[in-house]
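Observations on the three-dimensional arrangement
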Amino acid sequence: MTETVIDLPGVIAKSDDANFLRDLIQDAAQRLVDIEVATVCGAGHGERSPDRENQRNGYRPRQWDTRAGTIGLNIPKLRKGSYFPTFLEPRRTAEKALMAVIQEAYIHGVSTRSVDDLVRAMGLTGTSKSQVSRRCEEIDERVQAFLNRPLEGD
């Protein structure tokens, strides 16, 4: 079964202060993935169990953009069916808070090119102008829906 205790002194010793939080989040997220897969399979990695329903079949790398920086996760592949972590959103590499930062910058008039610089300054790998435009179109749609709503009452 996977280890449920994080070796905090070990994590601190192998990373500098700038990367400490990102490494800690990466370690915790990878442990969550391992625990979820062990539950889906019915046994931990390398563990033999009569209750085993599935087996791991390699990994696929996935980048996850967080406020602490870009985190690399190894998502296990399964022999039967598929697995995707519950704390991640399909087809989205960034967390919701990061998208909120991008949308807030757009609302305040920051250009799409400057948003890429802003995202890089936050320690992430950056975002394309088209991604920023798509996020901002969502804002425009919500604003238009609000402005065109029927007004009732006083």
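Residues numbered from 1 in each chain as written. Predicted model: local features only at pLDDT ≥ 70, side-chain atom pairs only at ≥ 80, totals over all residues. Heavy atoms only, no water.

As recorded by an unreviewed UniProt entry, the protein chain carries the name Mutator family transposase and is attributed to Jannaschia seosinensis. What UniProt states about the protein chain under its Sequence similarities (unreviewed entry) heading is, verbatim, "Belongs to the transposase mutator family." We quote the UniProt Function (unreviewed entry) comment for the protein chain here in full: "Required for the transposition of the insertion element." (UniProt positions renumbered as here; feature names shortened; annotations may be inferred.)

1. Details of the confidence of the model for the protein chain
With 75% of its residues at a pLDDT of 70 or more, the protein chain shows a mean pLDDT of 76. Of all the helices and strands in the protein chain, helix 1 (residues 8-14) carries the lowest mean pLDDT, 60, while strand 2 (residues 69-78) carries the highest, 87. (pLDDT = per-residue confidence, 0-100. Helix = DSSP H or I, 4+ residues; strand = E, 2+ residues; numbered from the N terminus.)

2. Here's the deal with the side chain of Glu36
Examined against the element boundaries, Glu36 turns out to sit in helix 2 (residues 17-41). Look at Glu36: it is buried, it has no salt bridge, and the nearest opposite charge is Arg56 at 10 Å. For Glu36, the residues in contact, after removing those within four places along its chain, are Tyr83, Pro85 and Thr86. (Buried < 20%, exposed > 50% of the residue type's maximum accessible area, 1.4 Å probe, protein only. Lys, Arg positive; Asp, Glu negative; His and termini not counted. Salt bridge = Lys/Arg side-chain N within 4 Å of Asp/Glu carboxyl O. Contact = heavy atoms within 4.5 Å.)

3. Quick look at the pattern of salt bridges
Evaluated as defined, the whole model comprises 2 salt bridges. Of the charged contacts in the structure, one is a salt bridge between Asp27 and Arg31, with a shortest N-O distance of 3.0 Å. Of this pair, Asp27 and Arg31 both sit in helix 2, 4 residues apart, roughly one helical turn. Judged by its relative accessible area of 17%, Arg31 falls in the buried class. Put simply, Asp34 and Arg56 hold a salt bridge, and the shortest N to O gap is 3.8 Å. One end of the pair, Asp34, is in helix 2; the other, Arg56, is in strand 1 (residues 56-66), with 22 residues separating them in the sequence. A relative accessible area of 17% means that Asp34 is categorised as buried.

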